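The residues making up each chain are set out below.
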Amino acid sequence: MVMKPRAPADAAAAVDEVIRPSRLNCIDLSSSDVRESVSLLKQACLDCGFFYVVNHGISWEFMKEAFEQSKRFFDLPLSEKMRVLRNEKHRGYTPLLDELLDPDNQLHGDYKEGYYIGVEVPEDDPEANKPFYGPNVWPDSGVLPGWREIMEKYHRETLEVARRVARIIALALDLDIDFFDKPEMLGKPIATLRLLRYGSGQISDPSQGIFGAGAHSDYGLITLLATDDVPGLQICKDRDATPRIWEDVAPIKGAFIVNLGDMLERWSNCIFKSTLHRVLGNGQERYSIAYFMEPSHDCLVECLPTCKSEKNPPMFPPITCATYLSQRYSDTHADLTQYKTGQT
Ligand code: OGA
Ligand code: NI
């Protein structure tokens, strides 16, 4: 690994923090009381941009199956995993330390491995030349039979949950319920599933700049996170507070932890929050599956009509979704050329 070690800029400040439990709202997708759901979700989006989603229609058995398959992949020898190394389309395996989310406070990259699976677009499809579209890379089906099918099913089913959550978000923003369903928005989304494993024996130490995942906010519209029952996720509602207050987010069996990304914060003129979060390793192996939901490549992210007024003019110029995302990915991932030596 050739990533340049960086000293935490302000290690003393990193120690100066408070940790307490969080209390997040819970949205029940099976509820017929839409007004209640909108109200709970809106409160969460104004406050911290994190909430649980339960009764979303994906069975616990199937989620468990996806976690088991994820473990099968990460348990493969490193040489096998390096055969499906992340490509320039952000598909495939990201090794330990590959991602550096918080360079000012991290000694080196995150103590996690990952695997990106995006929207499957065949090589000969004209859409495949878009930066976040293309064919996925898959582990050899001889090595992991049935693996691809499970992951594709998880991708499809979670996309539907994300679309349902986006409808409640639209209502909470006083937009039409189908605002995000338009073809140029979530009709042809950039949707990326990412399997994650935080290694066993890895104990994070904020004072030393060592983290499972460094403090960051997500880039896109919303993230649907499924975790196993090992704790580790923390959120910080006010990044400028001293000391920073970090709140533990408890895992709930079968639920998604949903959070808003920076693109939605920008789109809503900062009315809705994209909150800083991180993962601390406690020495136990921990698995999570993140699902990043963004609109189509060409979608123009421009202050929503209900989020501006004479007193509150748009704070950001319009930008396309693809331009915005490309910038954010290149800011946080290691340069792929570092892996070239010694690879076949
Ligand atoms: C992420 C993330 C949290 C977790 O992948 O962006 O914040 O619990 N993951 O893995
Ligand atoms: Ni995140």
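The structure displayed is predicted, hence computed values, not measured ones.

> Tell me about the coordination of the nickel ion (ligand 2), residues and numbers included.
In this structure, His-216 (NE2), Asp-218 (OD) and His-277 (NE2) serve as the protein donors to the nickel ion (ligand 2), at separations of 2.1 Å. All donors of the nickel ion (ligand 2) come from a single chain, and their spacing in sequence reads H-x1-D-x58-H. Taken together, the positions of Asp-218 in the loop between β7 (213-216) and β8 (222-227) and His-277 in strand β12 (residues 276-279) put the pair 59 residues apart, joining distant regions of the chain. Note on His-277: relative accessible area 5%, which makes it buried.

> Explain the site of ligand 1 to me, using residue names and the numbers behind them.
Near ligand 1 you find Leu-196, Tyr-198, His-216, Asp-218, Leu-225, His-277, Val-279, Arg-286, Ser-288, Ala-290 and Phe-292, and these make up its full shell. Here His-216 contributes a side-chain N or O atom positioned 3.1 Å from an oxygen atom of ligand 1. Notes on ligand 1: free accessible area 290 Å², of which the protein chains cover 94%. Assessed atom by atom at 2 Å from the grid points, ligand 1 resides in the largest cavity. Contributing elements (two or more residues each) for the shell around ligand 1: β6 (190-198), β12 and β13 (286-294). When residues in the shell around ligand 1 are grouped by element, the largest group, 4 residues, is from β13. Across the shell around ligand 1, the residue classes break down as 6 nonpolar, 3 polar and 2 charged.

> Outline the pattern of salt bridges, supporting the account with residue identities and numerical values.
The tally for this structure, following the rule as stated, stands at 22 salt bridges. Across the salt bridge formed by Lys-237 and Glu-247, the nearest N and O atoms sit 4.0 Å from each other. Remark: Glu-247 occurs in strand β10 (residues 244-248) and Lys-237 occurs in the loop between β9 (233-236) and β10; sequence separation between them is 10 residues.

> How would you summarise the side chain of Ser-204 if you had to cite specific residues and measurements?
If you trace the backbone, Ser-204 turns up in the loop between β6 and β7. Among the polar contacts made by the side chain of Ser-204, one reaches the main-chain amide nitrogen of Gly-212 at a distance of 3.1 Å. A distance of 2.7 Å separates a polar side-chain atom of Ser-204 from the backbone nitrogen of Gly-281.

> How would you summarise the sheet that holds β13 if you had to cite specific residues and measurements?
Strand order across the open sheet formed by 8 strands is β2-β3-β11-β8-β13-β6-β5-β4, with mixed pairing between neighbours. Every interior strand has two partners, whereas the edge strands, β2 (26-28) and β4 (92-94), have only one. When the angles between neighbouring strand axes are averaged without regard to direction, this sheet yields 25°. Two elements, β6 and β13, share 9 bridges in a ladder whose sense is antiparallel. Note on β13: the bridge partner recorded for Leu-193 is Tyr-291. With respect to the sheet, helix α2 (residues 34-47) is in contact with β2, β3 (50-54) and β11 (256-260), its orientation differing from that of β2 by roughly 150°. Sheet strands touched by helix α5 (residues 147-172): β2, β3, β5 (112-117), β6, β8, β11 and β13. Its angle to β6, the strand with the most contacts, is close to 115°.

> A description of the packing of helix α3 (residues 60-74) against α5 should follow, citing residues and the corresponding values.
Where α3 meets α5, the closest approach of the two axes is 10 Å, and the angle between their N-to-C directions is 135°. It follows from the interaxial angle that α3 and α5 lie oblique. Considering how the two elements wind past one another, α3 and α5 form a crossing that is left-handed. In this structure, α3 contributes Phe-62, Met-63, Glu-65, Ala-66, Gln-69, Ser-70 and Phe-73 to the contact, and α5 contributes Trp-147, Ile-150, Met-151, Lys-153, Tyr-154 and Glu-157. For the contact of α3 with α5, a count of residues per class yields 8 nonpolar, 2 polar and 3 charged.

> Hey, could you go over the packing of α2 against α5 for me, with residue numbers and the actual values?
One way to put it is that α2 packs onto α5 with a least axis distance of 9 Å and a crossing angle of 80°. On the basis of the axis angle, α2 is roughly perpendicular to α5. Of the residues in α5, those in contact with Val-34, Ser-37, Val-38, Leu-41 and Lys-42 of α2 are Val-165, Ile-168, Ile-169, Leu-171 and Ala-172. For the contact of α2 with α5, the per-class residue count stands at 8 nonpolar, 1 polar and 1 charged.

> Quick rundown of the sheet that holds strand β1 (residues 17-21)? Include the residues and the values.
Strand order in this open sheet of 5 strands is β1-β10-β9-β12-β7, and the pairing throughout is mixed. Of all the strands in the sheet, the pair left with one neighbour each is β1 and β7. Going from strand to strand, the sheet's axes swing by 25° on average, the running direction of each strand aside. Across 2 bridges, β7 lies against β12 in antiparallel orientation. By the bridge assignment, Ala-213 is partnered in β12 with Val-279.

Conventions used here
- The numbering scheme is per chain: residues are counted from 1 as the chain's sequence reads.
- As a convention, the first chain written is A and the first ligand written is 1, with the rest following in written order.
- At least 70 in pLDDT is required for a residue's local features to be given in this predicted model, at least 80 for side-chain atom pairs to be given and counted, and no such filter applies to totals for whole chains, interfaces and linings, which use all residues.
- Calculation of side-chain values draws on the structure's entire complement of heavy atoms; hydrogens and water are dropped beforehand.
- In this description, a donor is an N, O or S atom within 2.8 Å of the metal centre, a cutoff extended to 3.2 Å for sodium, potassium and calcium. Water is not part of the atom list, which can make sites seem incomplete.
- Each helix is a run of DSSP H or I of at least 4 residues and each strand a run of E of at least 2, with the numbering of both proceeding from the N terminus.
- Any residue under 20% of the maximum accessible area for its type is buried, any over 50% is exposed, and the rest in between are partly exposed; the area is computed with a 1.4 Å probe on protein chains only.
- If a single non-hydrogen atom of a residue is within 4 Å of a molecule or strand, that residue counts as near it.
- Polar contact is defined as a pair of N or O atoms within 3.5 Å, subject to the rule that within protein one atom must be able to donate a hydrogen and the other to accept it, and that residues adjacent in sequence are counted only when both atoms are side-chain atoms.
- Accessibility throughout is a Shrake-Rupley quantity obtained with a 1.4 Å probe, and a residue counts as covered only by protein chains that appear here.
- Using a grid of 1 Å spacing that covers the protein atoms alone, one calls a set of points a cavity when a 1.4 Å probe fits there but cannot get out, and a pocket when the set is open and has protein on both sides within 12 Å along at least five of seven lines; lining residues are those with an atom within 4 Å of a point.
- Pocket occupancy is defined atom-wise: a molecule lies in a cavity or pocket when more than half of its atoms are within 2 Å of its grid points.
- By the convention adopted, Pro, Cys, Tyr, Trp, Phe, Met, Ile, Leu, Val and Ala count as nonpolar, Lys, Arg, Asp and Glu as charged, and the other residues, Gly among them, as polar.
- Only one rule defines a salt bridge in this text: a Lys or Arg side-chain nitrogen within 4 Å of an Asp or Glu carboxyl oxygen.
- The pairing criterion is simple: DSSP has to find at least two bridges between the two strands.
- Under this scheme, a helix contributes an axis fitted over its contacting stretch, all axes are lines through C-alpha atoms, and angles between N-to-C directions fall in the 0 to 180 degree range.
- In what follows, a contact means two residues having at least one pair of non-hydrogen atoms within 4.5 Å.
- We call two directions roughly parallel when the angle between them is under 35 degrees, roughly antiparallel when it is over 145, roughly perpendicular when it lies between 65 and 115, and oblique otherwise.
- Note on convention: the crossing is left-handed when the near helix lies turned anticlockwise from the far helix by less than a right angle, right-handed when the turn is clockwise.

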